[in-house]
Amino acid sequence: MVDAFAPRLKFDGHFYGGLLLNGAKGLTPISENDKMRYVAAPNPLIAVFSSRIIQRTGQFDLNLPPEFRLMDYTLRMAHAGGKMFSVPYLVTTLETNQAALVTGLYLKGKNAITPLWEIYYKTLSVSFLIGFTLRHPTKILKFLGFDKGQKRRQFKRDKATSLSKLTTDYLREISL
């Protein structure tokens, strides 16, 4: 059963689809030639969710930058038992110049480290979080709880992962 779709975007003659977990490196766009498969998150510009999963997952985390909200939402959806599917034949064309969002460049900038760490903290296992934290040492103090946002983050983590239906098999499917 699928609760969400990640359409591909056609931009500048190339196709850009969903995102896969890439261990400690963060998230990586799927290959342009990838077949139909489950993905960890959609491209930040478009996604389709069923009303059932929206009722179970709640609203977007407005504390995150807009380009990271769908990513966080989809990973929280996985804890609620939802799955996102990338359908290569479901394509939309992008005319405006938002190349950084379409191509995934926004995931590699310094401004991406904090929101990605927050998403990892809230939605993924400690092994993913430790790997990402060690790759970005500026987040070690946050990981150890030496900041004032720890209680808020822990509340969000508990809310996202309580009664989680996210399995290791599904995590493997949405990873590189």
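Look up: the structure comes first, before these words.
What comes next concerns the included structure. (Residues numbered from 1 in each chain as written. Predicted model: local features only at pLDDT ≥ 70, side-chain atom pairs only at ≥ 80, totals over all residues. Heavy atoms only, no water.)

**Section: the pattern of salt bridges**
If you walk through the whole model with that rule in mind, you get 10 salt bridges. Note that Arg-52 is salt-bridged to Asp-3, the shortest N-O span being 2.6 Å. On the criterion of sequence distance, the pair formed by Arg-52 in helix α1 (residues 51-57) and Asp-3 in the segment before β1 (4-11) is long-range, its members being 49 residues apart. Overall, Asp-3 belongs to the buried group, its relative accessible area being 4%. Asp-61 is the salt-bridge partner of Lys-122, the closest N and O atoms lying 2.5 Å from each other. You can see Lys-122 sitting in helix α4 (residues 113-123) and its partner Asp-61 sitting in the loop between α1 and α2 (66-79), a full 61 residues away along the chain. Look at the salt bridges and you will find they share partners, linking Asp-61, Asp-72, Arg-76, Lys-122 and Lys-156 into a network. (Salt bridge = Lys/Arg side-chain N within 4 Å of Asp/Glu carboxyl O. Helix = DSSP H or I, 4+ residues; strand = E, 2+ residues; numbered from the N terminus. Buried < 20%, exposed > 50% of the residue type's maximum accessible area, 1.4 Å probe, protein only.)

**Observations regarding the pairing of β1**
Among the 8 residues of β1, 6 are classified as buried, and the element is accordingly described as predominantly covered. Pairing of β1 with strand β6 (residues 48-49), which is carried by 2 bridges, proceeds in the antiparallel orientation. By the bridge assignment, Ala-4 is partnered in β6 with Phe-49. By the bridge criterion, 7 bridges tie β1 to strand β7 (residues 84-93) in an arrangement that is parallel. Across the sheet, residue Ala-4 finds its bridge partner in β7, namely Met-84. Both β1 and strand β2 (residues 14-16) contribute to a ladder of 3 bridges, which runs antiparallel. When the sheet's bridge partners are listed, Phe-11 is paired in β2 with His-14. (Pairing = 2+ DSSP bridges.)

**Details of the side chain of Lys-156**
Tracing the backbone shows Lys-156 in helix α7 (residues 150-161). Engagement of the side chain of Lys-156 in a polar contact is seen with the side chain of Asp-61, the distance being 3.0 Å. Non-local contacts of Lys-156, meaning those with residues more than four positions away in its chain, are made with Asp-61, Asn-63 and Lys-122. (Polar contact = N/O pair within 3.5 Å; in protein donor to acceptor, adjacent residues only side chain to side chain. Contact = heavy atoms within 4.5 Å.)

**Observations regarding the environment of Lys-122**
A relative accessible area of 2% means that Lys-122 is categorised as buried. Sequence-distant contacts of Lys-122, defined by excluding residues within four places in its chain, comprise Asp-61, Leu-64, Asp-72, Lys-156, Arg-157, Ala-160 and Thr-161. Here Asp-72 takes part through its side chain, which lies 3.0 Å from a polar atom of the side chain of Lys-122.

**With respect to a nonpolar patch on the surface**
A contiguous nonpolar surface patch, about 690 Å² in accessible area, is contributed by Val-126, Ile-130, Leu-134, Ile-140, Leu-141, Leu-144 and Phe-146. Among the secondary structure elements, those contributing two or more residues to the nonpolar patch are α5 (126-135) and α6 (140-143). The element that contributes the greatest number of residues to the nonpolar patch is α5, accounting for 3 residues. (Patch = residues over 30% accessible without salt bridge, like charges linked within 9 Å, V, L, I, M, F, W, Y side chains within 5 Å. Areas by Shrake-Rupley, 256 points an atom, 1.4 Å probe, with all protein chains shown as cover.)

**Thoughts on the packing of α2 against α4**
Packing of α2 against α4 brings their axes to within 10 Å, and their N-to-C directions diverge by 10°. Overall, the two elements α2 and α4 adopt an arrangement that is roughly parallel. Packed against α2, whose contacting residues are Phe-68, Met-71, Asp-72, Leu-75, Arg-76 and His-79, the element α4 presents Pro-115, Leu-116, Ile-119, Lys-122 and Thr-123 at the interface. (Axes fitted to C-alpha atoms, helices over the stretch in contact; angles between N-to-C directions. Parallel < 35°, antiparallel > 145°, perpendicular 65-115°, else oblique.)

**A look at the nonpolar core**
In this structure, Leu-21, Leu-27 and Met-71 are the most contacted members of the largest nonpolar core, which totals 30 residues. At the level of elements, β3 (19-21), α2, β7, α4, α5 and α8 (168-173) are the ones that each hand at least two residues to this core. For this core, the element with the most residues is α4, which contributes 6 residues. Contact partners of Met-71, with chain neighbours within four places excluded, come to Leu-19, Leu-27, Ala-41, Tyr-106, Leu-107, Leu-116 and Ile-119. Ranked by size, the runner-up nonpolar core spans 12 residues in total, among them Ala-6, Ile-53, Leu-70 and Ala-80. (Core = buried A, V, L, I, M, F, W, Y, C linked by side-chain atoms within 4.5 Å.)

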